[in-house]
Amino acid sequence: MNPSTESPLLSRGMIAVISAQFLSAFGDNALLFATLALIKQQLYPDWSQPILQMAFVATYIILAPFVGQVADSFAKGRVMMFANVLKLAGALVICFGFNPFLGYSLVGVGAAAYSPAKYGILGEITSGEKLVKANGLIEASTIAAILTGSVAGGILADWHVVAALAACALVYAGAVVANLYIPRLAAARPGASWRPRAMTNSFFTACVTLWRDGQTRFSLIGTSLFWGAGVTLRFLLVLWVPVALGIADNATPTLLNAMVAVGIVVGAGAAARFVTLKTVKRCMPAGILIGVAVAVFALQTTMLNAYVLLAIIGMLGGFFVVPLNALLQERGKHSVGAGNAIAVQNLGENAAMLLMLALYSLVVKLGVPVVGVGVGFGVVFALAISALWWSQRR
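As annotated in an unreviewed UniProt entry, the protein chain is Lysophospholipid transporter LplT from Serratia montpellierensis. Regarding the protein chain, the UniProt comment filed under Sequence similarities (unreviewed entry) reads as follows: "Belongs to the major facilitator superfamily. LplT (TC 2.A.1.42) family." UniProt annotates the protein chain under Subcellular location (unreviewed entry) with the comment "Cell membrane".

Trainee: Outline the overall build of the protein chain, listing residues and values.
Mentor: A count of helices and strands for the protein chain gives 15 helices and 0 strands. Burial status across the protein chain gives 57% buried among its 394 residues. Sequence-distant contacts in the protein chain: of pairs separated by 6 or more residues, those separated by 24 or more amount to 87%. Working note: accessible area of the protein chain is about 15500 Å², and carbon and sulfur atoms make up 71% of it.

Trainee: Summarise the environment of Ala 25; cite the residues concerned and give the values.
Mentor: Tracing the chain through its elements places Ala 25 in helix α2 (residues 12-41). Ala 25 gets classed as buried once you look at its relative accessible area, which sits at 6%. When the C-alpha positions of Ala 25 and Ala 144 are compared, they lie 8.9 Å apart, and in sequence the two are 119 residues distant.

Trainee: Please provide a residue-by-residue account of the pattern of salt bridges, values included.
Mentor: Two side chains that carry opposite charge are able to pair once their charged atoms sit near each other. The tally for this structure, following the rule as stated, stands at 1 salt bridge. Between Lys 87 and Asp 28 there is a salt bridge, with the nearest N and O atoms lying 3.0 Å from each other. Note that Lys 87 is positioned in helix α4 (residues 76-95) and Asp 28 in helix α2, a separation of 59 residues in sequence. Looking at Asp 28, the relative accessible area reads 17%, which means it is buried.

Trainee: Explain helix α12 (residues 284-297) to me, and be specific about the residues and the numbers.
Mentor: With 14 residues, α12 extends 20 Å between its outermost C-alpha atoms, agreeing within 8% with the 20 Å of an ideal straight helix rising 1.5 Å per residue. All of the buried residues in α12 are Met 284, Ala 286, Gly 287, Ile 288, Ile 290, Gly 291, Ala 293, Val 294, Ala 295 and Phe 297.

Trainee: A description of the environment of Ala 152 should follow, citing residues and the corresponding values.
Mentor: When you line up the elements, Ala 152 lands in helix α7 (residues 130-159). Overall, the relative accessible area of 22% leaves Ala 152 in the partly exposed class. Sequence spacing of Ala 152 and Ala 30 is 122 residues, and the spatial spacing of their C-alpha atoms is 6.2 Å.

Trainee: So what's going on with the side chain of Thr 223? Which residues, and what values?
Mentor: If you trace the backbone, Thr 223 turns up in helix α10 (residues 214-245). You can call Thr 223 buried: its relative accessible area is 0%. A distance of 3.3 Å separates a polar side-chain atom of Thr 223 from the backbone oxygen of Leu 220. The residues contacting Thr 223, other than those within four sequence positions of it, are Val 321, Leu 324, Asn 325, Gln 345 and Glu 349.

Trainee: Could you give an account of the nonpolar core, naming the residues involved and the relevant values?
Mentor: The biggest cluster of nonpolar side chains holds 88 residues, and the ones touching the most others in it are Leu 31, Trp 240 and Phe 320. Among the elements that take part in this core, α10 stands out by supplying 15 residues, more than any other. Sequence-distant contacts of Trp 240, that is, excluding residues within four places in its chain, are made with Leu 245, Leu 256, Phe 297, Ala 298, Gln 300, Ala 306 and Val 370. In this structure, Ala 20, Val 67, Leu 210 and Ala 341 belong to the second largest nonpolar core, which totals 29 residues.

Trainee: So what about α10? Which residues, and what values?
Mentor: Between its terminal C-alpha atoms α10 stretches 44 Å, which fits the 46 Å expected from 32 residues at 1.5 Å a residue. Bending of α10 peaks at approximately 40° at the position of Leu 239, with proline Pro 242 no more than four residues after it. Of all 32 residues in α10, 25 are buried, a share of seventy percent or more. Gly 246 sits one or two positions beyond α10 and adopts a positive phi of about 70°.

Trainee: Outline the packing of helix α9 (residues 196-212) against α10, supporting the account with residue identities and numerical values.
Mentor: A packed helix pair is summarised by two numbers, namely the angle formed by the two axes and the spacing between the axes. Look at α9 against α10: their axes get within 5 Å of each other, and the N-to-C directions meet at 105°. Overall, the two elements α9 and α10 adopt an arrangement that is roughly perpendicular. Counted together, Leu 210, Trp 211 and Arg 212 of α9 and Gly 214, Thr 216, Arg 217, Leu 220 and Ile 221 of α10 form the full contact between these two elements. Within the contact of α9 with α10, the residues separate by chemical class into 4 nonpolar, 2 polar and 2 charged.

Trainee: Account for the packing of aromatic side chains, with residues named and values stated.
Mentor: Using the criterion set out here, one finds 4 aromatic pairs in the structure. Measuring from ring centre to ring centre gives 4.4 Å for Trp 240 and Phe 297, while their planes differ by 35°; the resulting arrangement is tilted. You can see Trp 240 sitting in helix α10 and its partner Phe 297 sitting in helix α12, a full 57 residues away along the chain. The burial state of Trp 240 is the same as that of Phe 297; both residues are buried. Through a chain of ring-to-ring contacts, three or more aromatic side chains come together here, namely Phe 226, Trp 227 and Phe 320. Sitting over the face of the ring of Tyr 114, Lys 87 holds its NZ or CZ atom 4.6 Å from the ring centroid.

Trainee: Any details on the packing of α10 against helix α11 (residues 251-274)? Residues and values, ideally.
Mentor: Relative orientation of the contacting elements α10 and α11 amounts to 140°, with a least axis distance of 9 Å. By the angle class used here, α10 and α11 are oblique. Between α10 and α11 the crossing geometry is right-handed. Contacts between α10 and α11 involve Phe 226, Arg 234, Leu 237, Val 238, Trp 240, Val 241 and Leu 245 on the former and, on the latter, Thr 252, Pro 253, Leu 256, Asn 257 and Ile 264. Residue composition of the contact of α10 with α11, by class: 9 nonpolar, 2 polar and 1 charged.

Trainee: Describe a nonpolar patch on the surface, with residues and values.
Mentor: Together, Val 262, Val 266, Leu 304, Val 308, Ile 312 and Met 315 make up an exposed nonpolar region whose accessible area comes to about 470 Å². For the nonpolar patch, the secondary-structure elements that each account for two or more residues are α11 and α13 (303-333). At 4 residues, α13 tops the list of elements feeding residues into the nonpolar patch. With a relative accessible area of 34%, Val 262 lands in the partly exposed category.

Cut-offs used in this document
Residues numbered from 1 in each chain as written. Predicted model: local features only at pLDDT ≥ 70, side-chain atom pairs only at ≥ 80, totals over all residues. Heavy atoms only, no water. UniProt positions renumbered as here; feature names shortened; annotations may be inferred. Helix = DSSP H or I, 4+ residues; strand = E, 2+ residues; numbered from the N terminus. Buried < 20%, exposed > 50% of the residue type's maximum accessible area, 1.4 Å probe, protein only. Contact = heavy atoms within 4.5 Å. Areas by Shrake-Rupley, 256 points an atom, 1.4 Å probe, with all protein chains shown as cover. Salt bridge = Lys/Arg side-chain N within 4 Å of Asp/Glu carboxyl O. Expected span 1.5 Å × (residues − 1). Polar contact = N/O pair within 3.5 Å; in protein donor to acceptor, adjacent residues only side chain to side chain. Core = buried A, V, L, I, M, F, W, Y, C linked by side-chain atoms within 4.5 Å. Bend = angle between axes of the 7 residues up to and from the residue. Axes fitted to C-alpha atoms, helices over the stretch in contact; angles between N-to-C directions. Parallel < 35°, antiparallel > 145°, perpendicular 65-115°, else oblique. Nonpolar A, V, L, I, M, F, W, Y, C, P; charged D, E, K, R; others polar. Phe/Tyr/Trp six-rings, centres within 6.5 Å; stacked < 30°, edge-to-face > 60°. Lys NZ or Arg CZ within 6 Å of the ring centre and 35° of its normal. Left-handed = near helix turned anticlockwise from the far one by under 90°. Patch = residues over 30% accessible without salt bridge, like charges linked within 9 Å, V, L, I, M, F, W, Y side chains within 5 Å.

See below:
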């Protein structure tokens, strides 16, 4: 028998994964806002803020051919622990006054290694319809970490930037400890070649395999659009708050981001309840409505309306992305390996993030009004998801 089908969803291993993920994601989000406060304090220009995140996501793209094989060649819990050690090192680089872009790039290296192991291990400790629920729990944990981490990072940075950075380092240390409690599972695909050329060829073979499968291609495009949009919205909020609300602190954008996080928790729970691997396309209308809601949000000038619309955007986002993640993990596990499937997904998602952040940085540098950026962004996103849905219904 497959032990993953016999054990309860909240097994000891699953609880350890969720705990480690919460601490790691908390550190990522607190560190982002603490580092943004640092570069504002050091008088970097506004258009450089997205560059910080671009340095982070570039590591995902560069390392994509290798991190999937790493996740599948070793016990995934130990890979997650090593990745959190790298994140801790990056936080310390920033904390001790070295270049923040360099330190945040090192955190990105850790995150790139962490992601395939984090999602890939779900298919090893659970399976079948439990996999959607497990993804819902991981997404809920991640979003709870975004919620608390973003708020903590902004509030601590308003009090003392170095203290905020030190707190992030402590949280990463806690994540390393939590990883020790994840069961040491057997490697999924040991014995693969470690020659860079062979690894690169293997990765791009996995890309082709997943792209030729209609369902995994559907998942890859959908999740890439979602996370590219999500990271852009985060930076849009940083500039939108002082323009629309007249507030110039670090805490308010993090509180607004937290509303998105609260909504995603609710949406992820709804997806786990109402969507299965056989009914994944039910999530598509939610994706279209995300774009509509973002366009409407950009026109708001009151705090209450902003909170409500961002919570709605989050709920739609959670309902949209959780089933797509589960679909890719299930089909990828049986074709190219779960770690490789997530590495391919990371390449698509981070390429989308890099492109959208570059465009965002460009339009900000050109002086396009932030409200116009928000409306245009929402409309384009809604049209893109509509085209994806139409292509699947043909």
